[in-house]
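Here are the chains, one letter per residue:
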Amino acid sequence: MLQKKICMVGVFGTGKTCLVQQYVHSIFSVKYLSTVGVKIDKKEVQVGDQPVTLMLWDLEGRDSNRDVNGSYVRGAHGLIYVADGTRRETVEQLSEIQDMVTGVVGEIPSVMALNKIDLTDEWQLGSSDENPPGPNGVHRIRTSAKTGEGVEATFQWLAEATMRNPVT
Amino acid sequence: MTLDPHENVANGEKPVAEFAALRRLLVGPEQRRLQELSEEIEARELTAAELADHLPEAIALRGSRDRQLGRALGPTIETALRESIRRNPREMATAIFPILGPAIRKAIAEAMAGLVRSINNAVDQSLSVRGLKWRVEAWRTGVPYPDIVIKHALVYRVEQVFLVHAETGLLLEHVSAPDLSVPDADLISGMLTAIQDFVRDSFRPAEGAMLRTFSVGEHTVQVEAGPQALLAIVVRGQAPDTLLRRQQDTLETVHLEFASQLTNFSGEALPFEPARPLLEGCLETVLTTTQPGAPRRLRWLRWAVPLFLIVAVIGGLYVRSALRWGRALATLRAEPGVVVVDASRGWRRWSISGMKDPVAREPSAVLAAAGLSSRALSGTWESYLSLDSAIVIARATRSLGLTSTAAVSLRSDTLFVSGVVPLEAFARARQGGLPPGIAGVDLRSASPVLPAALESLRQSIDAELVQFEPGSSELPQASMTRLTTFASRLRQLNDGVAALGASTRLVLTGRTDPTGADETNTALAQRRVDRVAGLLALSGVDTSRLILDAVATARPLPADDPAERARINRSVSFAVTVSADHRTARGQ
Ligand SMILES: Nc1nc2c(ncn2[C@@H]2O[C@H](COP(=O)(O)OP(=O)(O)OP(=O)(O)O)[C@@H](O)[C@H]2O)c(=O)[nH]1
Ligand SMILES: [Mg+2]
């Protein structure tokens, strides 16, 4: 049984919990988040012939990265940065979070979910942003936890990336 | 060394020898020094490779000689260690964890042992009495004994064991009690580490401290952390210290045996499957009855109770068997027509021998009727004639062919029979050959019953009715022919009954309808009876057996309709009586 620890990181209210909720059927109530600061769910995916169990750690977002909890990302095999496309600053703030997180786990496979793509009217990111803000060198996928768009693809992309990564 | 100048002079070598001696005297010390130096130089030229070859040996050699080497190296090694630990403490902790753990625990265990013993004693004191009580409860309620014990005596039960990768919180291996299924062990594993992180972050305890136990209802989760893995066990009930020790042992063994797998772990749990037996070692159920260390003076109870039960059961069986044996013998002795001569009882089989009257009940049937199994009984019976009154009666009943409709009693040697008795019995009683024990049979209060064939014949005769025209005593031709066959049937009955030593009588009842004066009617009835009797006589019926009764209107045949009643009473009807001979052969 191959398992990978995947952490959802991002500023509060960007939709981390909703993305996980959209992706898996949870056994733990969302209440855990506020008490323990993390909720864990799992999802079994297939990478090639290999079944992989993704253990999804949904971390409670804070309004500043100061407090993003380093110990929870320890040992992670993959990261999902979540930003809210209707709030440009949530993308920018990810850079700081990235610094902090990679300080703990090093360079590991990551993907960035530009969430709430269903809110096209309020979308603040140009579709062909020349120099997009936010974490460097991270693959981006537009998602909507509401419609499910890009959600499956995000997790699948990351699962495959962790399998390619020779370090993890 | 002494110099002898004459030694070699004789053979002409004197100058050479002298020179050598001189040289020795002059440069001897220098020469020796030279030699030493050259050896020293050779030694200096020992290469690094050669040194590598010899170093372990050399160290061992020196080490065995004195402690100088250790003393010399000590400070250097200390410095090196201190430096190494300062740079990477985890490495060092990982390395010494399996060694240090047991040593520390051993010291603590020593101190705890006394306390544990006294607690165990207290628990075991009440063992035996309670054990018996539970057995009774199980027996009374029908609940299986183990369930009762668990209900009362579950000390603790390790239901689940999680081996968790410390860094990632991923589940390496999980085992659970056989009757338990835990579908989301991997999630629980993750949450266990997350909670650890949460506690660490929230309370910022001292370095390395952690949440070791927490309780949920009657379950306790006990987490032991090693450098690379956590071992969490879920315990129901009160976990003792020994369990913690086992948990620590297991975790250390895992670190030792799976060191490289733990270090190289990247999500694949398969390499940890061999750890299952180790983890399963932690799954245990302990009841007060299975807790070790029962005090010596109560230990005998462990075998004494079953032994007592076995003895009690055997004794009980023996007593029961003896009682049943006694009852069997008494029953047989009381049985008429059975005489027990010899009886012996083995452990399983009983054998009885004696005498038995042919009409007596089978001994096995007697015992069965008394509720005693005949399976174990073997009997040897000689025939004899019993004069026991019950047997005499039974024998007579049988030989006379009496049925249950007859009541039979014996007074001195006369058998009194009453009730309904087959006609043949009368004949047999008369013919003599009475069974032993009986000198005479009194059948005066018995009424004979005909054999079936004769009885139906009699009934057909009784049903016959000869009818007349009003006021007439003449018979039509049809009635006359009918009377002829009737007469032959009558003769047939007579002969049959006579063959059984009895005789019949035929009562002819003459009747009239109610019209007309009584005198006329009486006369008419008489004429009708006479007429029929006359015709029967003509057909060869013995008239001495006929009884003529002209009742006229006195005892009419019943019918609801008056006309019909009048018609059927213008008639002669018949009734057969059978009279058996009551005399019996006496004094044989
Ligand atoms: N329209 C729309 N709303 C979304 C989407 N994803 C999340 N939301 C909304 O955004 C809000 C925050 O979502 P959460 O999933 O709780 O965000 P989070 O990142 O888990 O927040 P924290 O736990 O506080 O860090 C909720 O009101 C969601 O309904 C989306 O894709 N589209
Ligand atoms: Mg959330």
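Each chain has its residues counted from 1, running along the sequence as written. Written order decides the labels, with chains lettered from A and ligands numbered from 1. Owing to the predicted nature of the model, reporting of local features is limited to residues with pLDDT of at least 70; listing and counting of side-chain atom pairs is limited to 80 or more, with chain, interface and lining totals taken over all residues. The basis for the side-chain values is all heavy atoms of the structure; hydrogens and waters are excluded.

**Looking at the confidence of the model for chain B**
All names here are of chain B.
Alright, step 1. Per residue, pLDDT measures the predictor's confidence, with a range of 0 to 100. The predicted model of chain B averages 80 in pLDDT, with 83% of residues at 70 or higher.
Alright, step 2. Across chain B, the element-wise mean pLDDT spans from 57 in helix α4 (residues 89-125) up to 92 in strand β2 (residues 171-176).
Alright, step 3. Overall, residues 1-5 carries pLDDT values under 50, and its contacts beyond four positions in sequence, including any with other chains, amount to 3 contacts.
Alright, step 4. Ignoring residues within four places in sequence, the model shows residues 113-126, a span with pLDDT below 50, making 18 contacts including any to other chains.
Alright, step 5. For this predicted complex, the interface score ipTM comes out at 0.81, alongside a pTM of 0.46. Put simply, DSSP H or I for four residues or longer makes a helix, DSSP E for two residues or longer makes a strand, and each gets a number counted from the N terminus. The contact rule is simple, with two residues in contact once any of their heavy atoms fall within 4.5 Å.

**Concerning the sheet that holds strand β9 (residues 377-383) of chain B**
Pairing between the strands of a sheet is mediated by backbone hydrogen bonds and can be parallel or antiparallel.
Residues and elements named next belong to chain B.
Alright, step 1. Across the sheet, which stays open at both edges, the 3 strands sit in the order β7-β8-β9 with mixed pairing between neighbours. Edge positions in the open sheet fall to β7 (338-345) and β9, since each of these has one partner strand only. Averaged over all pairs of adjacent strands, the angle between their axes in this sheet comes to 15°, without regard to strand direction.
Alright, step 2. By the bridge criterion, 7 bridges tie strand β8 (residues 350-356) to β9 in an arrangement that is parallel. Counted as the bridge partner of glycine 354 is tryptophan 381 from β9. In this scheme, strands are said to pair when DSSP sees at least two bridges between them. Here an angle of 0 to 180 degrees is reported between the N-to-C directions of two axes, which are lines fitted to C-alpha atoms, with helices fitted over the stretch in contact.

**Here's the deal with the interface of chain B and chain A**
Alright, step 1. Listed as interface residues are 25 residues of chain B and, on the opposing side, 26 residues of chain A.
Alright, step 2. In short, buried area is how much 1.4 Å probe accessible area vanishes from two parts on joining, totalled over both. Here chain B meets chain A over a buried area of about 2,100 Å², counting both sides, of which 59% is carbon and sulfur.
Alright, step 3. A pairing counts as a salt bridge when a side-chain nitrogen of Lys or Arg comes within 4 Å of a carboxyl oxygen of Asp or Glu. Our enumeration of links across chain B and chain A arrives at 2 salt bridges.
Alright, step 4. Two N or O atoms count as a polar contact when they lie within 3.5 Å, although within protein this holds only if one can serve as hydrogen donor and the other as acceptor, and sequence-adjacent residues are included solely when both atoms are side-chain atoms. At the junction of chain B with chain A, the criterion picks out 7 residue pairs in polar contact (both at pLDDT 80 or more).
Alright, step 5. The element best represented in the side of chain B that touches chain A is helix α7 (residues 185-203) of chain B, accounting for 12 residues.

**Considerations on the packing of helix α16 (residues 477-499) of chain B against helix α17 (residues 518-538) of chain B**
Residue and element names in this part refer to chain B.
Alright, step 1. Running from N to C, α16 and α17 cross one another at 60°; their axes reach a closest spacing of 9 Å. Here α17 runs oblique to α16, going by the angle between their axes. At the point where α16 passes α17, the crossing takes the right-handed sense. On the side of α16, the interface is formed by Met480, Leu483, Phe486 and Ala487, while α17 contributes Arg531, Val532, Leu535 and Leu536.
Alright, step 2. Here the term charged refers only to Asp, Glu, Lys and Arg, the term nonpolar to Ala, Val, Leu, Ile, Met, Phe, Trp, Tyr, Cys and Pro, and the term polar to all other amino acids, Gly among them. Within the contact of α16 with α17, the residues separate by chemical class into 7 nonpolar, no polar and 1 charged. Note on angle classes: values under 35 degrees are labelled roughly parallel, values over 145 roughly antiparallel, values of 65 to 115 roughly perpendicular, and the remainder oblique. Crossing handedness is read from the near helix: turned anticlockwise from the far helix by less than a right angle, it gives a left-handed crossing, and turned clockwise, a right-handed one.

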